[in-house]
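# Notes for the structure review
So the chains spell out like this:
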Amino acid sequence: ASQLSPHQQHVLSRLSFGITSAEREQVAKIGLEAYIQSQLKPDSIRESAKLASKLNSLGIVRRGGMNLLQENIAANQKIKDPQLSVQQVAAIRKKNNKLNGGLNKQLVEAHIARAIYSERQLQQVMVDFWLSHFNVDLRKNQVKFWLDDYEQQIRDRALGNFYGLLLATARHPAMSIYLDNRTSIAPNSPAGKRTKQGLNENYAREVMELHTIGINGGYSQDDIISLARIFTGWSVDNRGTRGNKKGFFFNHNRHDPTDKVFLGHKIAGGGVEEGEKALQILANHPATASSIAYKLAQYFVADVPPESLVERLSKSFLNSRGNIAMVMDTLIHSPEFNDPSYYGQKFTTPFQYIISLVRMGEIVDPGLPRLRGMFHQLSMPVFHCPTPDGYKNTQSAWLNPQAMLQRTGLATAIANGVLNRSSPVDIETVAANMGEISPSTKQVVAKTPKQLQAALVMGSPEAMYR
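The structure contained in this document is the topic of the report that follows.

Another aspect to go through is empty space enclosed by the protein. Picture a little ball the size of a water molecule; that probe, rolled over the atoms, points out where space is still empty. This structure, assessed with the given rule, holds 1 cavity of 30 Å³ or more. Lining the largest cavity, in full, are Ala170, Arg171, Ser176, Asn181, Tyr203, Phe231, Trp234, Ser235 and Phe248. Residue assignment for the lining of the largest cavity shows that the elements contributing at least two residues are α10 (162-171) and β1 (234-236).

This is the structure:
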């Protein structure tokens, strides 16, 4: 495969999880701009057969979260049967636990497989970005049963319209369970009068603070309460019989149908359309444009992004009414993104680092369970971020002496074939895919025996930055 120029190397390293010789060939054949435009339209790219076969092998995920949830509900009902012996109850519990544990593992493995094998690399990188932005934790209640569908909904909209993405996450059971909106009941509603339960403000607060206008977006506690009232009744249908067969269910009995004022807008009392209107107000708010622009600039360019870029992206977001692909097109062609002083300066998260080693080393059939364990070792287990703000993508969050030791240890293990004994890492392949390495790294590599060279390159500072 042909060698990339430093500029091409920079673009591909930011728009993918690691450069492969196939991508280098593609850029040599069609040119960088055609590559960028195809990545901005993921549906135009044929997905790899390798990815399909990997996902096919994950049988538990393939069975579908809704089906697994029904099995869980049935098992939990069954163990209440007084006719069952202690041994029978234990057997049902054991089977259930095994199924749940298997689901947790396979959800993570499916996510890893997509990052490694997807031909739609920019879409997958955007999924990584949005999953932190709209974070949920698979360990909370039944989130795990909804997670595969949640990730798919985000993937389908990752380069689409921001309002569509925001609405999909707001309605989704994974989010409703994670941020407790399904437990929120208007005190003046029939259900509220009966149960004496009240509002839960969690989702209303986080959708403003984290998902849209940001902590300095100019909202008050009154706006949080108004929004919580607007979202009463946005609930979860576990059995798939009452809602839209996708888990979302609007429960009129829990909703506050009175008029509200939200961020200075009058919202007439009604039903589910109140929440849709509130999300439109948030999606089209200038503070949301700035907030998303800042986060994208930070993720793709620099930990402290240039203000000129944030302004440029914010304008693009507002002008296109939240068209994410257009905002990304603006970013990729901006003078700031293309400024050589930013090349190779973005420290990778543990997820980006390990996946990039697998891709740049072109390891055949890497063991997914082993990779899953590596993310735990590096304190970034997939889908396990406990706080709603998601995993950070800045150097200060991940660069410390202990983490560097662990990274170099894992790089050495990967170079030595720990992910697939029959697919040794070839130093020439890694070096070609990584691009330019510093004179000091070259010097160290030159003095090292051939069989240790791949480990040195994979554990080098250049490999840890993109």
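Having put the structure on the table, let's press on.
Moving on to the packing of helix α22 (residues 401-415) against helix α25 (residues 450-458). For the pair α22 and α25, interaxial distance at closest approach is 8 Å and the crossing angle is 140°. One finds that α22 runs oblique with respect to α25. Like other packed secondary-structure pairs, α22 and α25 cross with a definite hand, here right-handed. On the side of α22, the interface is formed by Ala411, Thr412, Ile414 and Ala415, while α25 contributes Ala454, Ala455 and Met458. Considering only residue class, the contact of α22 with α25 consists of 6 nonpolar, 1 polar and no charged.

The next thing to look at is the packing of aromatic side chains. If you walk through the whole model with that rule in mind, you get 14 aromatic pairs. Here Phe231 and Trp234 contribute two aromatic rings whose centre-to-centre distance is 4.9 Å and whose plane-to-plane angle is 85°, an arrangement assigned as edge-to-face. The exposure class of Phe231 is buried, given its relative accessible area of 0%. Taking the relative accessible area as the measure of exposure, Trp234 reaches 2% and is therefore buried. Taken together, Phe129, Trp130, Phe134, Phe162, Tyr299, Phe300 and Phe317 form an aromatic cluster joined through their ring pairs. The cationic tip of Arg466 hangs over the ring face of Tyr299; the distance from NZ or CZ to the ring centre is 5.2 Å.

Moving on to the side chain of Ser184. Turning to its location among the elements, Ser184 is positioned in the loop between α11 (173-178) and α12 (190-195). Overall, the relative accessible area of 1% leaves Ser184 in the buried class. Of the polar contacts made by the side chain of Ser184, one reaches the backbone nitrogen of Asn200; its length is 2.9 Å. Contact partners of Ser184, with chain neighbours within four places excluded, come to Gly198, Leu199, Asn200, Ala228, Thr232, Gly233 and Arg254.

Restricting attention to buried positions, one finds in helix α2 (residues 21-30) the residues Ser21, Glu23, Arg24 and Val27. Seen along its axis, α2 keeps its buried residues to an arc of 160°; they face one direction. Every exposed residue of α2 that faces more than 90 degrees away from the buried side is listed here: Ala22 and Lys29. Elements that come into contact with the buried residues of α2 comprise α1 (6-15), α3 (32-40), α8 (121-133), α19 (350-360) and α23 (427-434). Gly31, located one to two residues past α2, shows a positive phi value of around 95°.

Counted under the stated rule, the structure contains 18 salt bridges. Among the ionic pairs, Glu276 bridges to Arg171, the shortest N-O distance being 3.9 Å. On the criterion of sequence distance, the pair formed by Glu276 in helix α15 (residues 272-283) and Arg171 in helix α10 is long-range, its members being 105 residues apart. Classification of Arg171 as partly exposed rests on a relative accessible area of 24%. Lys392 is paired through a salt bridge with Asp389; the nearest N and O atoms lie 3.0 Å apart. In this structure Asp389 comes out as partly exposed when scored by relative accessible area, which is 32%.

Basis of the calculations
Residues numbered from 1 in each chain as written. Predicted model: local features only at pLDDT ≥ 70, side-chain atom pairs only at ≥ 80, totals over all residues. Heavy atoms only, no water. 1 Å grid on protein atoms, 1.4 Å probe; cavity = no way out; pocket = protein on both sides within 12 Å on 5 of 7 lines; lining within 4 Å. Points joined across faces, edges and corners; volume = space filled by probe spheres on them. Helix = DSSP H or I, 4+ residues; strand = E, 2+ residues; numbered from the N terminus. Axes fitted to C-alpha atoms, helices over the stretch in contact; angles between N-to-C directions. Parallel < 35°, antiparallel > 145°, perpendicular 65-115°, else oblique. Left-handed = near helix turned anticlockwise from the far one by under 90°. Contact = heavy atoms within 4.5 Å. Nonpolar A, V, L, I, M, F, W, Y, C, P; charged D, E, K, R; others polar. Phe/Tyr/Trp six-rings, centres within 6.5 Å; stacked < 30°, edge-to-face > 60°. Buried < 20%, exposed > 50% of the residue type's maximum accessible area, 1.4 Å probe, protein only. Lys NZ or Arg CZ within 6 Å of the ring centre and 35° of its normal. Polar contact = N/O pair within 3.5 Å; in protein donor to acceptor, adjacent residues only side chain to side chain. Arc of directions from axis to C-beta. Salt bridge = Lys/Arg side-chain N within 4 Å of Asp/Glu carboxyl O.

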